[in-house]
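Structure assessment
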Amino acid sequence: MKLKLEAHDLLWGMTVDCLADDAPHWVKEVLQRGDPVVVRRAITPVDQVAVGVRGQFRHQRYAAQMPRSAISRQLKPEALTRIDTQQFEHLAERLQSISSIMKNFSGCWGYTGSFGFELATGIKTVNQQSDIDLLIRAEQPFAKKQAVELLENFQQAGLNVDIQLQLPQGGLALKEWAGNSGKVLLKRLDGAVLVENPWN
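Right, let's walk through the structure included here. Not measured: the values here are computed from a predicted model.

Taken as a whole, the largest pocket spans an internal volume of roughly 990 Å³. Lining of the largest pocket is provided by 40 residues; of these, R54, R61, G113, S114 and D133 occupy positions nearest its centre. Among the elements of the structure, β2 (37–39), β3 (48–54), β4 (61–67), α3 (113–121), β7 (132–137) and β8 (161–167) are those that each provide at least two residues to the lining of the largest pocket. If you tally residues by element for the lining of the largest pocket, the top one is α3, at four residues. Residue composition of the lining of the largest pocket, by class: 16 nonpolar, 13 polar and 11 charged.

Here it is in structure tokens:
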């Protein structure tokens, strides 16, 4: 079965021998510990997937490729909305607020970034200053009015969110889509482009 891999999916199974010889020491440590890597947008050979390795600190991000054959487990952002939040007492309040805002939203959504990583692994990566990274699947055009409302709800709740719309063609920041500019930045596999209608 060919896995459908999309940006922000977490993957387990990458080993040190998949790395370039000059990979930093911390990257090797992360993989030896068995941490997942995250799918990123880039063009790769058919049997490879572009991934990012994340370290303990914000500046520790490393781009690599992983053989598809090495994948032992895949976790999508939306699967993290069904996790038992009791295990994450220090995040419980924020998770509850997010759920209550998103329950009025009928679409498919999930956690990415440091929040998603901690929910998936139990490794503490979130602090008080951390942005809350969310992903919304937007196969169909997303109404600008809805984008504005959603951002206002988060603002009123005092939550600092970074929401990405995942379109069939790539990724788009919800904040940008909610704005008044004529063109928006669509992140595609082959790079970012400015477009008027990202669903077109």
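Glancing now at the environment of Q146. Within the secondary structure layout, Q146 lies in helix α4 (residues 144–156). Taking the C-alpha atoms as reference points, Q146 and I132, 14 residues apart in sequence, are found 19 Å from one another.

For the rest of this paragraph, the subject is the pattern of salt bridges. What the rule picks out here adds up to eight salt bridges. The partner of E78 in a salt bridge is R137, with the nearest N and O atoms 3.0 Å apart. Taken together, the positions of E78 in the loop between β5 (73–75) and α2 (89–102) and R137 in strand β7 put the pair 59 residues apart, joining distant regions of the chain. For the pair formed by E78 and R137, the shared burial category is buried. Each of K4, E6, D9, K76, E78 and R137 takes part in salt bridges that share partners, so that together they form one network.

Our focus in this paragraph is the nonpolar core. Counting residues in each nonpolar core, the largest one holds 40 residues, and the members touching the most others are I98, Y111, L134, I136, F142, F154 and L165. If one sorts the elements of this core by residue count, α2 sits on top with five residues. Excluding anything up to four places from it in sequence, L134 contacts I98, W109, G110, Y111, T112, F154, V161, D162, I163 and Q164. Within the second largest apolar cluster, 18 residues are counted, among which are L31, V49, V53 and I71.

Checked against the element boundaries, Q60 lands in the loop between β3 and β4. A relative accessible area of 13% means that Q60 is categorised as buried. Among all residues touching Q60, those that are not within four sequence positions of it are W26, V53, R54 and G55.

Thresholds, definitions, all that
- Residues numbered from 1 in each chain as written.
- Predicted model: local features only at pLDDT ≥ 70, side-chain atom pairs only at ≥ 80, totals over all residues.
- Heavy atoms only, no water.
- 1 Å grid on protein atoms, 1.4 Å probe; cavity = no way out; pocket = protein on both sides within 12 Å on 5 of 7 lines; lining within 4 Å.
- Points joined across faces, edges and corners; volume = space filled by probe spheres on them.
- Helix = DSSP H or I, 4+ residues; strand = E, 2+ residues; numbered from the N terminus.
- Nonpolar A, V, L, I, M, F, W, Y, C, P; charged D, E, K, R; others polar.
- Salt bridge = Lys/Arg side-chain N within 4 Å of Asp/Glu carboxyl O.
- Buried < 20%, exposed > 50% of the residue type's maximum accessible area, 1.4 Å probe, protein only.
- Core = buried A, V, L, I, M, F, W, Y, C linked by side-chain atoms within 4.5 Å.
- Contact = heavy atoms within 4.5 Å.

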